[in-house]
Amino acid sequence: MINNLFNPTQFQDPISIEGQDVKILKKTLHLMILIRKTEQQLAYARKNGLIGGPVHLGVGQEAIAVGISQNLKKTDRVFGGHRSHSHLLALNPDFYKLFAEVLGKETGFSKGMGGSMHLFDQSNGFYGSTPIVAGTVSLAVGAAMAAKMQNLTDIGVSYIGDGAVEEGIVHECFNLAKVLKLPVLFVIENNLFASHMHISLRQPSETTSRFADANHIPYKILDGNDVVVVAQNSEELIQSMRNGAGPAILELVTYRWYGHVDWREDIDVGVARSMEDIKNWKARDPIHRLSQSMIHSKIWTKEEESELSNKIDTEIQIAWDKAMNDPYPSKDSILKFVYSNN
Ligand SMILES: Cc1ncc(C[n+]2csc(CCOP(=O)(O)OP(=O)(O)O)c2C)c(N)n1
Ligand SMILES: [Mg+2]
């Protein structure tokens, strides 16, 4: 089962939605489509020279953040990295604010000073992302420690990639979180690549959860392109974490449709990608698999889906145009928010 997860020709069928709440399924599908279209707009804009800095897109990986976030509270403390649009949007789907941020406008999530890789929205539980690979893992552990010291049931969530697991700090964090029994969920988005390098060229095994074993941390390795599986399994782990069970690791196998950075599918940091693999992984599309299941169960129709798709397209176009016309931050505000709000 686990090995099959790494075979791109497997897990392409519709997912199981038996017993799931229809309202939640529709909301979930909506959110995943919204996140995908937001990132596709960023890809389009980057391709056409409308965005100054690089964008790391997670198209194909939407089920992970959407599934996890269903079980989070606004007071939880979520941290991400360089590919974190979905982590933020799953908590607060305000794509206008994301567009403004990526365009460097003062109306953005970080007042236009962070861009795509320094996202921040504390009131919705997103405590920040940074391009330094594994740079926020210790912060998530610290935030979980603070919650525990304050006797709160809030948890820390640390989204990392299979490449980030190769950073030493991650292992210090696993160890400390376990020893102090901290409520932190490490979500490993294993998309098999770190920049252009496949995991088989970097690690002795395709699964990174062996480090969970080494630290006696409970873990699961799951299909990251099945939003129901992600939501159900994270719910169990998060619930027991809120009740004092200590840290857990979720390794979610997935794939990013674009190369490491920006809009190209065929090239990954100067290296050609396997178009055959991409074709197979696209057939494991988390959105299509959910939507197919809902259509088979007669709780959703193709017509409803195209209506929803058109509606989101229009909303995105309006938000993009608005963000494009927004002002840049004023010069005198440049140092004002660097270390604090004051
Ligand atoms: C400390 C550090 N080392 C190297 C880099 C360059 N770099 C940026 S992303 C990346 C790969 C990260 O891979 P992974 O954690 O699997 O995330 P993914 O890009 O697959 O989402 C690398 C090496 C960096 N930004 N920071
Ligand atoms: Mg990766």
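Preceding this section is the structure that the text describes.
The notes below deal with the structure included here. Treat the numbers as computed from the prediction; the structure is a model and nothing was measured. (Residues numbered from 1 in each chain as written. Chains lettered and ligands numbered in written order. Predicted model: local features only at pLDDT ≥ 70, side-chain atom pairs only at ≥ 80, totals over all residues. Heavy atoms only, no water.)

With 64 residues, the main nonpolar core has I68, L185 and L290 as its most contacted residues. It is helix 2 (residues 22-47) that provides the largest number of residues to this core, a total of ten residues. Setting aside anything within four residues of it in sequence, one finds L185 in contact with I68, G156, V157, S158, L237, I238, M241, A248 and L250. Core analysis: the next-biggest nonpolar cluster, separate from the first, contains 21 residues, A143, A164, V184 and I217 among them. (Core = buried A, V, L, I, M, F, W, Y, C linked by side-chain atoms within 4.5 Å. Buried < 20%, exposed > 50% of the residue type's maximum accessible area, 1.4 Å probe, protein only. Helix = DSSP H or I, 4+ residues; strand = E, 2+ residues; numbered from the N terminus. Contact = heavy atoms within 4.5 Å.)

What follows covers unusual backbone geometry. Not every positive phi belongs to a glycine, and K111 is a case in point at roughly 55 degrees. Position of K111 relative to the elements: it lies in the loop between helix 5 (95-102) and strand 2 (126-129). We note that K181 has phi near 55 degrees; this positive angle belongs to a residue other than glycine. Along the polypeptide, K181 turns up in the loop between helix 7 (168-179) and strand 4 (184-190). On the basis of relative accessibility, which here comes to 45%, the residue K181 falls in the partly exposed class.

Right, let's talk about the pattern of salt bridges for a bit. Within this structure, the stated rule accounts for 17 salt bridges. As a salt-bridge pair, R36 and E62 come within 2.9 Å of each other at their nearest N and O atoms. Of this pair, R36 sits in helix 2 while E62 is found in helix 3 (residues 62-69), placing the two residues 26 residues apart along the sequence. On the basis of relative accessible area, R36 is assigned to the buried category, the value being 8%. With a relative accessible area of 0%, E62 lands in the buried category. Salt-bridge contacts for K279 lead to E276; the nearest nitrogen and oxygen are separated by 3.6 Å. Taken together, the positions of K279 and E276, both in helix 10 (residues 275-282) and three residues apart, correspond to about one turn of that helix. Among the ionic contacts, a cluster of salt bridges with common partners joins R36, E62 and D285. (Salt bridge = Lys/Arg side-chain N within 4 Å of Asp/Glu carboxyl O.)

Perfect tetrahedral coordination of a metal by four donors corresponds to 109.5 degrees between them, and perfect octahedral coordination by six donors corresponds to 90 or 180 degrees. Coordination of the magnesium ion (ligand 2) by the protein comes from D162 (OD), N191 (OD1) and F193 (O), over a distance range of 2.1 to 2.2 Å. Going along the chain, you hit the donors of the magnesium ion (ligand 2) in the pattern D-x28-N-x1-F. Placement of D162 in the loop between strand 3 (156-161) and helix 7 and of F193 in strand 5 (residues 193-194) is noted, with a sequence separation of 31 residues between them. Each member of the pair, D162 as well as F193, is classed as buried. (Donors = N, O, S within 2.8 Å, 3.2 Å for Na, K, Ca; no water.)

What follows deals with the packing of helix 2 against helix 12 (residues 302-325). Running from N to C, helix 2 and helix 12 cross one another at 45 degrees; their axes reach a closest spacing of 10 Å. Taken together, the axis directions place helix 2 and helix 12 in an arrangement best described as oblique. In this structure, helix 2 meets helix 12 at a crossing whose hand is right-handed. Across from K26, L29, H30, I33, L34, K37, T38, Q41, L42 and A45 in helix 2, the residues of helix 12 making contact are E304, E305, L308, S309, K311, I312, D313, I316, Q317 and W320. Along the lines of polarity and charge, the residues of the contact of helix 2 with helix 12 split into nine nonpolar, five polar and six charged. (Axes fitted to C-alpha atoms, helices over the stretch in contact; angles between N-to-C directions. Parallel < 35°, antiparallel > 145°, perpendicular 65-115°, else oblique. Left-handed = near helix turned anticlockwise from the far one by under 90°. Nonpolar A, V, L, I, M, F, W, Y, C, P; charged D, E, K, R; others polar.)

Turning our eyes to something else, we now look at the sheet that holds strand 1 (residues 77-80). Across the sheet, which stays open at both edges, the six strands sit in the order 2-1-3-4-8-7 with parallel pairing between neighbours. In this open sheet, the two strands that pair with only one neighbour each are strand 2 and strand 7 (219-223). Neighbour to neighbour, the strand axes of the sheet diverge by 15 degrees on average, direction disregarded. The pairing of strand 1 with strand 3 spans three bridges and is classified as parallel. If you follow V78 over to strand 3, its bridge partner there is V157. (Pairing = 2+ DSSP bridges.)

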